[in-house]
Amino acid sequence: MSIISLDHVTKRFGDTIALNDLSLNVEAGELFGLLGPNGAGKTTAISVMLNLYEADSGSIHIFGKPMPKDELAIKRRVGIVPQHVSVYDQLTVYENIQFFAELYGFSPKEAKQKTEAALHFVELDAHQKKRPPELSGGLLRRLNIACGIVHEPELIFMDEPTVAIDPQSRNTILENIRELNRRGATIIYTSHYMEEVELLCDRIAIVDEGKIIAEGTQDELKDRVMTLETARIKVDALTPHLLERLDALDHVQKVEYEEPYIEVSLDKDTPLAPLLETLHQEHVHFTSITVDRPSLNTVFLALTGKTLRE
Amino acid sequence: MWTFIKYDVKQRLRDRATLFWMLIFPLILIFGLGTMLSAVFSDTFKLPVTNVAYVESSTDQYREPLEAFLKEEDIQTFIRLVPYADLPSAEQGVNDGDADVILQLDGPDITLFYEEPTTVEFDVLDAILGQYTAIANQQITLAEAGVSAPYENEAWLDTESVDLAGRTPTSLEYFTVTISIMTALFGSFYITAMAREEQPNTGSYLRIQAAPVRTVEYRLARTFSRYVIILLQLILLFWFSHFVYRTFDLANVQFGYVILSWLALTAYGVAIGFLIVNLPKLSATTKDAIVNGFVAILMILSGGYVPGFDQVTLNYAPWAAYVFMPIFMRDGMLAVLLREGDMNLYWQSLGLLGIHLLILIAFSYILSKGVKRHGTH
């Protein structure tokens, strides 16, 4: 079942087209990544899905309900973890979380229970009486998450939740996100950190200049752009005819040697057995073989001609 | 709505800047000004006793009425006459510190000699003697014309022109004006501040936008919570100033009308706030600056902070009574609120304020349509 369905959505700010005929489907239970450079339109896409900005054209359905027509009913089931920490400085950690719980219709008593669960989930119990200015960057990010998930939403938008924090806090947050997904929440995760998206997401949409330029699982995306694989073989010696024999094999495009590695460029999905057989026949011992597959950055580069950090 | 109100009030009360400007600063102002001005404003204020060196070289015709006048109980409270034989010896008396001022009656002429700069008690004495002379001259003229002009004791003192309380506002008037203007204009402060926080997709407002909450509910709740703070402030300031300014006579204050006028001024402030928020092509900082400037100018022009300045404003620009703060720049309004005055004037003023509101709302609406048409980021 599609939790999110965007159909030809366009959003303009003056002369700038922030979303350009964007269509997207996200299934229930997915951890879906929106990957793209800064300014690609990821945050605008989230904002339009939540009707924070009104779309200029196209249709949006969340949980099968039309947005913005069923806005309030939809929003009750959705949580958001914004890119910038969005909490109140004059309220304590506990009060901030409780405020957002009450905002989603829970009674003060229920909100207290939810608050305590959320505090425990992001491991902020020890800091509950502090105010946000007293917290470190990592703790603030965790508070930001707690405020977004305290009402146990079925769909969570996480907009670059790990920007500018230390590795330890990043790992805690990534583990929190996996746990939320394991508990059944559908998560839309935006980032320009490809490593995080590769690590977390089941399916990924690559966004650039307001358009989805590719969508699928990591393997599907990589397959779209990959025509060659590179096998790096660590050898202890080289015989006079080895490189020529390897070059003559079917599906081998290029062979290079840079001691102690032979690098063989192969057509995609070429079996490695003939390579290894040739090495055996030449009595060349090898100690390791690695096959390089493209990263998401390579995919993005191939699709757009630019890197993710641009 | 209750959630918003509860947490917003909590935040305001914890915000040190709010606490300072809304409570600490006015309290300091009241205490400071109260200490300085309460003596002038007080009904029980007494001028210090002035030693007057009195030199007389006249006839009974002029001497007796003057001396009778100077021996009156009211005059005796701040004048002590020290007779001297002639002017040089009186001057010596002043130089020795035995007298502060010289009063000479020479024939029909009354002259007051004093050193510059003068103090308020010399000015009062000068004014009283000036009036005495004027009335005495009038009586002489009338007598010479053969017209009977009976001596009237009451006529010597013109309370309208001499009584300080008649020319400057009382402390209660001063605070009613100041606090009422603050009520209205803090409203506009809050509206612009609220609008600044309501930039789409920024700060905590993003979460509010994403929550299942109607914008109108959110705005109403926040407006309500901020006026709760203002009301708390008013009560506290009134209560505090009551102890600083002893002239308060709350028994005569028409609290019902005061509260109604506060509500009207609240609406006025909110309308100004929304108008400024909707001004196109201006940054939030500029809009804040406009409101701040507007508050300061209106506060001063209307006699808040600077008692009596409203009279200066109206002297130069009588139309200001209808354009700025239509409630408090109209003569007689304070009489309605603090004593018993012309109720027609009160209702007319509220009507005038209603017209202001309609104009402000119309402008805000037109401007907001313009903003929406041009779009925002």
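Residues numbered from 1 in each chain as written. Chains lettered and ligands numbered in written order. Predicted model: local features only at pLDDT ≥ 70, side-chain atom pairs only at ≥ 80, totals over all residues.

## Some details on the overall build of chain A
Next, step 1: Each helix and strand counted, chain A has 11 helices and 14 strands in total.
Next, step 2: The buried share among the 310 residues of chain A stands at 41%.
Next, step 3: Relative to all contacts within chain A whose residues are 6 or more apart in sequence, the contacts with residues 24 or more apart total 68%. (Helix = DSSP H or I, 4+ residues; strand = E, 2+ residues; numbered from the N terminus. Buried ≥ 20, exposed ≤ 12 C-beta atoms within 10 Å, placed from the backbone. Contact = placed C-beta atoms within 7 Å.)

## Brief notes about the overall build of chain B
Next, step 1: Along its length, chain B carries 17 helices and 4 strands.
Next, step 2: Out of the 377 residues belonging to chain B, those deemed buried represent 29%.
Next, step 3: When contacts within chain B are restricted to residue pairs at least 6 apart in sequence, those whose partners lie at least 24 apart make up 73%.

## A closer look at the nonpolar core
All names here are of chain A.
Next, step 1: By size, the foremost hydrophobic cluster in this structure holds 83 residues, and its most contacted members are M49, I97, A146, I156, I187, I188 and Y189.
Next, step 2: It is helix α3 (residues 93-103) that provides the largest number of residues to this core, a total of 7 residues.
Next, step 3: Not counting the four nearest positions on each side in its chain, I156 is found in contact with G79, V81, G148, I149, L180, A185 and I187. (Core = buried A, V, L, I, M, F, W, Y, C linked by C-beta atoms within 7 Å.)

## Observations regarding unusual backbone geometry
All names here are of chain A.
Next, step 1: Here the bond from M67 into P68 is cis, since omega is 10 degrees, no more than 30 degrees from zero.
Next, step 2: Looking at where P68 falls in the secondary structure, it is placed in the loop between β5 (65-67) and α2 (71-76).
Next, step 3: A cis amide bond links E259 to the next residue, P260, at an omega of 0 degrees.
Next, step 4: Positionally, P260 belongs in the loop between β12 (252-258) and β13 (261-267).
Next, step 5: The backbone of H8 sits at a positive phi, close to 50 degrees, despite the residue not being glycine.
Next, step 6: The topology assignment puts H8 in strand β1 (residues 2-13).
Next, step 7: Owing to 13 C-beta atoms within 10 Å, H8 belongs among the partly exposed residues under this scheme.

## A word on the sheet that holds strand β6 (residues 78-81) of chain A
All names here are of chain A.
Next, step 1: The strand order across the open sheet formed by 6 strands is β6-β7-β8-β3-β9-β10, and the pairing between neighbours is mixed. At either end of the open sheet lies a strand with only one pairing partner, and these are β6 and β10 (211-217). Across this sheet, the average inter-strand angle for adjacent strands is 15 degrees, counted without regard to direction.
Next, step 2: In this structure, strand β9 (residues 203-208) lies alongside β10, joined through 6 bridges in antiparallel fashion. Along β10, the bridge assignment pairs I204 with G216.
Next, step 3: This element, helix α8 (residues 218-225), spans β9 and β10 of the sheet and lies at about 115 degrees to β10. (Pairing = 2+ DSSP bridges. Axes fitted to C-alpha atoms, helices over the stretch in contact; angles between N-to-C directions.)

## Quick notes on the interface of chain A and chain B
Next, step 1: Taken together, the contact pairs 22 residues of chain A with 19 residues of chain B.
Next, step 2: Put simply, the parts of the chain that give the side of chain A that touches chain B at least two residues each are α2 and α3 of chain A.
Next, step 3: Top contributing element to the side of chain A that touches chain B by residue count: α3 of chain A, with 4 residues.

## Structural notes on the confidence of the model for chain B
Residues and elements named next belong to chain B.
Next, step 1: Confidence in the prediction of chain B, expressed as mean pLDDT, is 74, and 75% of residues score 70 or more.
Next, step 2: No element of chain B has a lower mean pLDDT than helix α8 (residues 164-167), which averages 38, and none a higher one than helix α5 (residues 87-96), which averages 88.
Next, step 3: Confidence over residues 151-168 falls short of pLDDT 50; this stretch has 19 contacts with residues more than four positions distant or in other chains.
Next, step 4: Across residues 372-377 the pLDDT falls below 50, and counting only partners more than four positions away or on other chains, this stretch makes 4 contacts in the model. (pLDDT = per-residue confidence, 0-100.)

## Focus on the packing of α3 of chain A against helix α4 (residues 108-121) of chain A
Residues and elements named next belong to chain A.
Next, step 1: With their axes 8 Å apart at the nearest point, α3 and α4 run at an angle of 125 degrees to one another. Classed by the angle they form, the pair α3 and α4 counts as oblique. Seen from above, α3 lies across α4 with right-handed handedness. Two secondary-structure elements touch here, α3 through Y94, I97, Q98, A101 and E102 and α4 through P108, A111, K112, K114, T115, A118 and L119.
Next, step 2: Residues of the contact of α3 with α4, tallied by class, amount to 7 nonpolar, 2 polar and 3 charged. (Parallel < 35°, antiparallel > 145°, perpendicular 65-115°, else oblique. Left-handed = near helix turned anticlockwise from the far one by under 90°. Nonpolar A, V, L, I, M, F, W, Y, C, P; charged D, E, K, R; others polar.)

## Quick word on the sheet that holds strand β2 (residues 79-84) of chain B
All names here are of chain B.
Next, step 1: Pairing is mixed across the open sheet formed by 4 strands, whose spatial order is β2-β1-β3-β4. Unpaired on one side and paired on the other, β2 and β4 (109-113) mark the two borders of the sheet. Taking the axes of each pair of neighbouring strands and ignoring which way they run, one obtains an average angle of 25 degrees across the sheet.
Next, step 2: Bridge analysis of strand β1 (residues 50-57) against β2 gives 6 bridges, and the strand direction is parallel. Following the sheet pairing, Y54 is matched in β2 by P83.
Next, step 3: Of the strands in this sheet, β1, β2, β3 (101-106) and β4 are in contact with helix α3 (residues 60-70), which crosses β3 at around 150 degrees.
Next, step 4: Strands β1, β2 and β3 of the sheet are contacted by α5, whose axis makes an angle of about 170 degrees with β1.

## Here we look at the pairing of strand β14 (residues 286-292) of chain A
Residues and elements named next belong to chain A.
Next, step 1: Burial analysis of β14 places just 0 of its 7 residues in the buried class, which makes it a mostly uncovered element.
Next, step 2: One ladder, built from 6 bridges, connects strand β11 (residues 228-235) with β14; its direction is antiparallel. Looking across to β14, one finds that V235 is bridged to F286.

## Digging into the confidence of the model for chain A
Next, step 1: Residue-level pLDDT values for chain A average 86, and 98% of them are 70 or greater.
Next, step 2: Here helix α11 (residues 296-304) of chain A stands out as the least confident element of chain A, with mean pLDDT 74; α3 of chain A is the most confident, with 93.

## Quick word on the pairing of β3 of chain B
Residue and element names in this part refer to chain B.
Next, step 1: Pairing of β1 with β3 involves 6 bridges; the strand directions are parallel. Across the sheet, V55 pairs through a bridge with Q104, a residue of β3.
Next, step 2: Pairing of β3 with β4 involves 5 bridges; the strand directions are antiparallel. Opposite D106, over in β4, you have D109 as the bridge partner.
Next, step 3: Between β3 and the antiparallel strand that follows it, β4, lie 2 residues; G107 among them carries a positive phi value of about 65 degrees.

## Quick word on the environment of L279 of chain B
Residues and elements named next belong to chain B.
Next, step 1: Note that L279 resides in the loop between α12 (255-277) and α13 (284-301).
Next, step 2: Counting along the chain gives 84 residues from L279 to F363, while the straight-line C-alpha distance between them is 9.5 Å.
Next, step 3: Other than its neighbours up to four places away in sequence, L279 contacts K287 and L367.

## Here we look at the packing of α8 of chain A against α11 of chain A
Each packed pair of helices is defined by two parameters, the angle between the axes and the distance between the axes.
All names here are of chain A.
Next, step 1: It is the contact of α8 with α11, at a shortest axis distance of 9 Å, that shows an interaxial angle of 45 degrees. On the basis of their axis angle, the class for α8 and α11 is oblique. Of the two possible hands of crossing, α8 and α11 adopt the one that is left-handed. Residues L221, K222 and V225 of α8 form the contact with α11, whose participating residues are L296, T298, V299, A302 and L303.

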